[in-house]
Amino acid sequence: QVQLVESGGGLVQAGGSLRLSCAASGRTFSRYAMGWFRQAPGKEREFVAAISWVGGMIYYADSVKGRFTISRDNAKNTVYLQMNSLKPEDTAVYYCALDRNIIATTEMDKYDYWGQGTQVTVSS
């Protein structure tokens, strides 16, 4: 079994920054892609960013492009999401997810394991 634990969420003013981390533990696979998704109150979960095993393939949602950066440290089994220039509409629970394939994907149903989520609240 794989456990994913997110951290780094919190309350920040508009224009501020946060860095989310997601640590994988347990039966981690030798190579895997990772993604970040978010779900705002009353809305469906949506894709935010994804990164392939070696980091050569990276995807972003249009709404976060230029503001968010996904990265990973495979030695630490950890993926990060640096969020800058935050907006109130970024307020959501952020989830990391693991895909046992090495190629990054934006498709939610391709991911095999999910974390419990971390709350990000951006005040105006």
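**Student:** Even after reading the chapter, I still don't get the overall build of the chain, so can you show me in this structure?
**Tutor:** Secondary structure assignment for the chain yields zero helices and 11 strands. Secondary structure elements of the chain, listed N to C terminal, follow the sequence β-β-β-β-β-β-β-β-β-β-β. For the chain, the spread of C-alpha atoms along the principal axes amounts to about 40 × 25 × 25 Å. Considering only intrachain contacts with a sequence separation of at least 6, the fraction spanning at least 24 residues in the chain is 59%. By element, 46% of the accessible surface of the chain is carried by carbon and sulfur atoms, the whole surface being about 6300 Å².

**Student:** Can you walk me through the packing of aromatic side chains in this structure?
**Tutor:** Taken as a whole, this structure holds five aromatic pairs when the rule is applied. Summarising the aromatic geometry, the rings of phenylalanine 37 and tryptophan 114 are spaced 5.0 Å apart at their centres and angled 55° between planes, so their arrangement reads as tilted. Residue phenylalanine 37 is located in strand E4 (residues 33-39), and its partner tryptophan 114 is located in strand E10 (residues 113-114); the two are separated by 77 residues in the primary sequence. Judged by its relative accessible area of 26%, tryptophan 114 falls in the partly exposed class. Through successive ring pairs, a cluster of aromatic residues spans Phe37, Phe47, Tyr111 and Trp114. Lying across the ring of tyrosine 95, arginine 45 places its NZ or CZ 3.7 Å from the centre. Between arginine 45 and the ring centre of tryptophan 114, over which it is positioned, the NZ or CZ distance is 5.0 Å.

**Student:** Help me understand the nonpolar core in this model?
**Tutor:** Most often, soluble globular proteins keep nonpolar side chains buried together rather than apart. Ranked by size, the top nonpolar core spans 36 residues in total, and within it Leu4, Trp36, Leu81, Met83 and Tyr94 carry the most contacts. Sorting the residues of this core by element identifies strand E1 (2-7), strand E3 (18-26), E4, strand E5 (46-51), strand E7 (68-73), strand E8 (78-83), strand E9 (92-99) and strand E11 (118-123) as the ones contributing at least two each. Other than its neighbours up to four places away in sequence, tyrosine 94 contacts Glu6, Leu20, Trp36, Phe37, Arg38, Val48, Phe68, Leu81, Met83, Gly117, Thr118 and Val120.

**Student:** Sorry, what's going on with the side chain of threonine 105 here?
**Tutor:** Mapped onto the elements of the fold, threonine 105 is located in the loop between E9 and E10. With relative accessibility at 13%, the residue threonine 105 sits in the buried group. Separated by 3.1 Å, the side chain of threonine 105 and the backbone nitrogen of glutamate 107 make a polar contact. With sequence-adjacent residues up to four places away left out, threonine 105 is seen in contact with Phe47, Ala50, Tyr59, Asp99, Lys110 and Tyr111.

**Student:** How do you make sense of the pattern of salt bridges when you look at a structure like this?
**Tutor:** Side chains that differ in charge, positive against negative, can pair when their charged atoms come close. In total, this model carries five salt bridges according to the counting rule given. One salt bridge connects arginine 67 with aspartate 90, and the closest N-O pair in it is separated by 2.7 Å. Here the residue arginine 67 occupies a position in the loop between strand E6 (58-60) and E7, and aspartate 90 occupies one in the loop between E8 and E9, the gap between them amounting to 23 residues. Residue classification places arginine 67 among the buried positions, given a relative accessible area of 10%. The network of salt bridges with shared partners includes Arg38, Glu46, Arg67 and Asp90.

Criteria and thresholds
Residues numbered from 1 in each chain as written. Predicted model: local features only at pLDDT ≥ 70, side-chain atom pairs only at ≥ 80, totals over all residues. Heavy atoms only, no water. Helix = DSSP H or I, 4+ residues; strand = E, 2+ residues; numbered from the N terminus. Contact = heavy atoms within 4.5 Å. Areas by Shrake-Rupley, 256 points an atom, 1.4 Å probe, with all protein chains shown as cover. Phe/Tyr/Trp six-rings, centres within 6.5 Å; stacked < 30°, edge-to-face > 60°. Buried < 20%, exposed > 50% of the residue type's maximum accessible area, 1.4 Å probe, protein only. Lys NZ or Arg CZ within 6 Å of the ring centre and 35° of its normal. Core = buried A, V, L, I, M, F, W, Y, C linked by side-chain atoms within 4.5 Å. Polar contact = N/O pair within 3.5 Å; in protein donor to acceptor, adjacent residues only side chain to side chain. Salt bridge = Lys/Arg side-chain N within 4 Å of Asp/Glu carboxyl O.

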